[in-house]
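Here are the chains, one letter per residue:
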Amino acid sequence: MKKVFFILISLWMGVQSTQAAVSPKQAEAFMNNIGSTVISLLTDKSITDQQRADKFQEILEKSFNVNAGGKFVLGRYWKQATPDQKKHFLNLFKATTVASYATRFKDYTSQKFEITGSRPEGDGGVTVLSRIIRPKGAPISIDWKIFESNGEMRIYDVVLEGISMSVTLRSEYAAVIQQGGGNIQVLVNALEKKLQSFK
Amino acid sequence: MKYFFKILLVLALSIEFAYANEGIKNLANKNCATGDVKAVPIYDCGGIFFGNSIEDDDPLEPLNRGIFWVNQGIDYVLIEPIAWAYSEIIPEYGRDRISNILRNLNEPVVLVNNLLQGELEDGRDTIWRFVFNSTIGVAGIFDVSTDLGIPYKKEDLGLTLASWGFGPGPYLVLPILGPSNMRDGWGRLGDFAVDPINWWTFGLPVTGRTAVQVLDAKTDNINVTDEIKKNSIDYYASIRTWYTERRLALTTAVEDRQAVDTPRPDEDEDEIVLSRE
């Protein structure tokens, strides 16, 4: 009886360790940590804008899975891309993401960021729910899709008021490629141009 | 009454068309077979839950793009300057009050949709909101209901049709009004028809209200659309997805949204080593 019990327990533990890759509480703590780091960065008046942008890029690279995100947003065109194109695209994707988020959070002054909860998902990830409270107007809800892979927790998607940023970008990129006659290079060129406009 | 039925018939036929169109698309959509088709109604398969064929559901794209750019032009030369003047002349406090009045006037339409959806509790909330705001809130100038714990919850006929199981149908760009789709377009028409204000006075007061509504929406959204414009490489496609995804979020329960395809880890994700730039 003891033996059977032991086997059952170890089986259960085995199941636990393969299925629950990341616990909701851990994911919340992870997001909370990123949130407070970013806020202290944005409100720190002692550093220059350039230093702030560099630091922001560092945080983003560490906490976002740029590769998985980039692969997803290229959708079915990922398989068609050459290794060089893939690499070039991912670098551009990372750079434009950093630039667009940096401008987005620029006027963060009297807003407040708070984590409101989390939800484990069927695919092994956890969605951390948060909101930005503005001095005026309704709060903005932001959900963060978090997975753990290779022992590291990272953000895979940002959902703004129910709108997945990855799905939005994938759709937009597909439209650009389609308009350019199915050529991925058209997208790469457009992203390069966009990046210049941020500078 | 005769006209009413004619409109109803056209409406029914066009939604039927949207349905049929989606059905055909779904048969052609190979990805569909790999998803858990049994778990969702067939007509949803083309994109509502899987979210991966949004870019395809725009058969009128050339026309839509045309109207979109005309709208942009009208916006640039006419609406934006007026909206700018409006926000310069009337201080933020005043604009907020006007915003509240417009929202209060829209509550009857919200109520009709609450009832059509069978959401009786929401309907009760809407009635109380309208009563409180119209009396204590002085004709809707002050949104006392929100302070009393009954926040505004937007409903429209597009959302009602969605709750009855209608898919969005092809994407549409309406002249001046902007992004929409087959379902929401008919929804707008229906909402206009049930709005009591449009029955009483058809003419200047209605046009006046619409004009102020446009200005109100414009001064409220100015930053959001600017940001999308600044960050996108194809503004039209970006707006199309934002609209589609936003309506999808409003019509789908959180549990169902989990099925939406989003990035996730896979075995070769760390294969490519990024260079630091």
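Just above, that's the structure.
Anyway, here's the lowdown on the structure attached to this text. (Residues numbered from 1 in each chain as written. Chains lettered and ligands numbered in written order. Predicted model: local features only at pLDDT ≥ 70, side-chain atom pairs only at ≥ 80, totals over all residues. Heavy atoms only, no water.)

1. Side note on the pattern of salt bridges
Residues and elements named next belong to chain B. Enumeration over the complete set of coordinates arrives at 20 salt bridges over all chains. For the salt bridge of Arg-240 with Glu-61, the shortest nitrogen-to-oxygen distance reads 3.3 Å. Placement of the pair is Arg-240 in helix H12 (residues 235-251) and Glu-61 in helix H3 (residues 61-89), with a sequence separation of 179 residues. As far as burial versus exposure is concerned, Arg-240 and Glu-61 are alike and both buried. Between Asp-156 and Lys-154 there is a salt bridge, and its shortest N-O distance comes to 2.8 Å. With a relative accessible area of 9%, Asp-156 lands in the buried category. Several salt bridges share partner residues, and in doing so they unite Asp-58, Glu-61, Arg-65, Asp-234 and Arg-240 into one network. (Salt bridge = Lys/Arg side-chain N within 4 Å of Asp/Glu carboxyl O. Helix = DSSP H or I, 4+ residues; strand = E, 2+ residues; numbered from the N terminus. Buried < 20%, exposed > 50% of the residue type's maximum accessible area, 1.4 Å probe, protein only.)

2. Quick notes on H12 of chain B
Between its terminal C-alpha atoms H12 of chain B stretches 24 Å, which fits the 24 Å expected from 17 residues at 1.5 Å a residue. With 13 of its 17 residues buried, H12 of chain B lies for the most part within the structure. (Expected span 1.5 Å × (residues − 1).)

3. Here's the deal with the pairing of strand S1 (residues 112-120) of chain A
Residue and element names in this part refer to chain A. Sheet topology places S1 next to strand S2 (residues 126-133); eight bridges connect them, and they run antiparallel. Bridged to Lys-112 within S2 is Ile-133. Between S1 and S2, which pair antiparallel in sequence order, lie five residues; one of them, Gly-124, sits at a positive phi of approximately 95°. (Pairing = 2+ DSSP bridges.)

4. So, the packing of helix H7 (residues 165-179) of chain A against helix H8 (residues 184-198) of chain A
All names here are of chain A. Remark: H7 packs on H8, axes separated minimally by 7 Å, with the N-to-C direction vectors making an angle of 115°. The handedness of the crossing between H7 and H8 is right-handed. In this structure, H7 contributes Tyr-173, Val-176 and Ile-177 to the contact, and H8 contributes Ile-184, Val-186, Leu-187, Ala-190 and Leu-191. A class-by-class count of the residues in the contact of H7 with H8 yields eight nonpolar, no polar and no charged. (Axes fitted to C-alpha atoms, helices over the stretch in contact; angles between N-to-C directions. Left-handed = near helix turned anticlockwise from the far one by under 90°. Contact = heavy atoms within 4.5 Å. Nonpolar A, V, L, I, M, F, W, Y, C, P; charged D, E, K, R; others polar.)

5. Considering the sheet that holds strand S5 (residues 163-164) of chain A
Residues and elements named next belong to chain A. Read from one edge of the open sheet, five strands run S1-S2-S3-S4-S5, paired in antiparallel fashion. Each end of this open sheet is capped by a strand with a single partner; those strands are S1 and S5. Looking at chain direction, strand S3 (residues 140-149) and strand S4 (residues 152-160) are connected through eight bridges and run antiparallel. Residue pairing in the sheet places Asp-143 in a bridge with Val-159 of S4.

6. Some points on the packing of aromatic side chains
Ring pairs (aromatic) are described by centroid distance and by the angle formed between their planes. All names here are of chain B. Inspection of every chain in the model, using the stated rule, returns nine aromatic pairs over all chains. Centre to centre, the rings of Phe-68 and Tyr-235 are 5.5 Å apart; their planes meet at 65°, and the pair counts as edge-to-face. Residue Phe-68 is located in helix H3, and its partner Tyr-235 is located in helix H12; the two are separated by 167 residues in the primary sequence. Judged by its relative accessible area of 5%, Phe-68 is buried. For the ring pair Phe-68 and Tyr-236, a centre distance of 5.3 Å and an interplane angle of 80° mean the geometry is edge-to-face. With a gap of 168 residues between them, Phe-68 in helix H3 and Tyr-236 in helix H12 connect regions that are remote in the sequence. Three or more aromatic residues link up through ring pairs in this structure, and these residues are Phe-68, Trp-69, Tyr-171, Tyr-235, Tyr-236 and Tyr-243. Directly above the ring of Tyr-93 sits Arg-97, whose terminal nitrogen or CZ lies 4.4 Å from the centroid. (Phe/Tyr/Trp six-rings, centres within 6.5 Å; stacked < 30°, edge-to-face > 60°. Lys NZ or Arg CZ within 6 Å of the ring centre and 35° of its normal.)

7. Structural notes on the nonpolar core
Of all hydrophobic cores here, the largest spans 58 residues; its most connected members are Met-31, Phe-89, Trp-144, Ile-146, Ile-155, Val-158 and Leu-187 of chain A. Contacts of Trp-144 of chain A, omitting those with residues within four sequence positions, involve Met-31, Phe-64, Phe-113, Val-126, Thr-127, Val-128, Ser-130, Ile-155, Asp-157 and Val-158 of chain A. (Core = buried A, V, L, I, M, F, W, Y, C linked by side-chain atoms within 4.5 Å.)

8. Side note on unusual backbone geometry
All names here are of chain B. Positive phi values are uncommon outside glycine, yet Val-138 reaches one of about 50°. With respect to the element layout, Val-138 can be found in the loop between helix H6 (120-135) and helix H7 (144-147). Despite not being glycine, Ala-139 shows a phi value in the positive range, around 55°. Note that Ala-139 resides in the loop between H6 and H7.

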